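Commentary on secondary and tertiary structure
Listed below are the residues making up each chain.
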Amino acid sequence: MPLAAAADTTEERLIRGDAVVRSLNNGVPQQTLERMREEFPFLAEATEAYALGDVWSRPGLDNRTRQLAAVAAFAALGERVFMKVHAGYALNIGVSEEELKEVVYMVTVPAGFPKAIAASQTLSELFSQRREAQQ
């Protein structure tokens, strides 16, 4: 963790984390995080302050690269819910459906076909939901 992040207060880290979510989620809070905040406030705070406020806010990668990496990692792990959230963020910031499909194809190598097939189903659901919402 960079020294600057280590010296920040939890409140500053939470503010950075909230800004990250809003930048990826069309200016609105992330609903899963908000629901978690109601029943599991410590977990929500830790996610927002550390994962988003510290890690996601680091210099070195742009949001596009971070989202593609997150989609690939969650797909390879079989974490379909998180993959769908991050694929949605990726679409929000300009990643194309074709690029997300390429990520799924790449997952076949390190994670195997079952994980890639599950990831493809998740992307199909997301694409369909977004198309329906646009109508």
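Everything discussed here concerns the structure shown above.
Computed from a prediction, not measured in an experiment: that's the story for all the values here. Per-chain numbering applies: the sequence of each chain, read as written, is numbered from 1 onward. Where local features are concerned, this predicted model is filtered to residues with pLDDT of at least 70; where side-chain atom pairs are given and counted, the filter is 80 or more; whole-chain, interface and lining totals use all residues. The side-chain figures draw on all heavy atoms in the structure; neither hydrogens nor water molecules are used.

Secondary structure counts use DSSP, requiring at least four H or I residues in a row for a helix and at least two E residues in a row for a strand, with both numbered from the N terminus. Of note, D8 is situated in the loop between α1 (3–7) and α2 (10–24). Separated by 46 residues in sequence, D8 and D54 have C-alpha atoms that sit 9.5 Å apart. Those residues in contact with D8 that sit more than four places away from it in its chain are R13 and R16. In protein, a polar contact requires one atom able to donate a hydrogen and another able to accept it; more generally it is a pair of N or O atoms within 3.5 Å, and residues adjacent in sequence count only if both atoms are side-chain atoms. A distance of 2.4 Å separates the side chain of D8 from the side chain of R16, its partner in a polar contact. Contact definition: two residues touch when any of their heavy atoms are within 4.5 Å.

Attention shifts here to the packing of α2 against helix α4 (residues 41–55). Note on geometry: axes are lines fitted to C-alpha atoms, helical ones only across the stretch in contact, with angles between N-to-C directions running from 0 to 180 degrees. The N-to-C vectors of α2 and α4 enclose an angle of 75°; their axes lie 7 Å apart at closest approach. Accordingly, the angle class assigned to the pair α2 and α4 is roughly perpendicular. On the side of α2, the interface is formed by T10, R13, L14, R16, G17, D18, V20 and V21, while α4 contributes E45, E48, A49, Y50, L52, G53 and D54. Taken together, the residues that form the contact of α2 with α4 break down as 6 nonpolar, 3 polar and 6 charged. Angles are sorted into four bins: roughly parallel if under 35 degrees, roughly antiparallel if over 145, roughly perpendicular if 65 to 115, and oblique for all others. Residues are grouped as follows: Ala, Val, Leu, Ile, Met, Phe, Trp, Tyr, Cys and Pro are nonpolar; Asp, Glu, Lys and Arg are charged; every other residue, Gly included, is polar.

Quick look at unusual backbone geometry now. Positive phi outside glycine occurs at N26, with the angle close to 55°. For N26, the position within the fold is in the loop between α2 and α3 (31–39).

With that settled, consider the layout of surface pockets. Method remark: on a 1 Å grid restricted to protein atoms, a set of points is classed as a cavity if a 1.4 Å probe fits but cannot get out and as a pocket if it is open with protein on both sides within 12 Å along at least five of seven lines; lining residues have an atom within 4 Å of a point. Grid points are joined across faces, edges and corners, and a volume is the space filled by probe spheres set on the points. By volume, the largest pocket amounts to about 360 Å³. Considering the residues around the largest pocket, the lining is formed by 16 residues, among which T47, L52, F82, V85 and H86 are closest to the centre. Listing elements by their share of the lining of the largest pocket, those giving two or more residues are α3, α4 and α6 (80–92). At 5 residues, α6 tops the list of elements feeding residues into the lining of the largest pocket.

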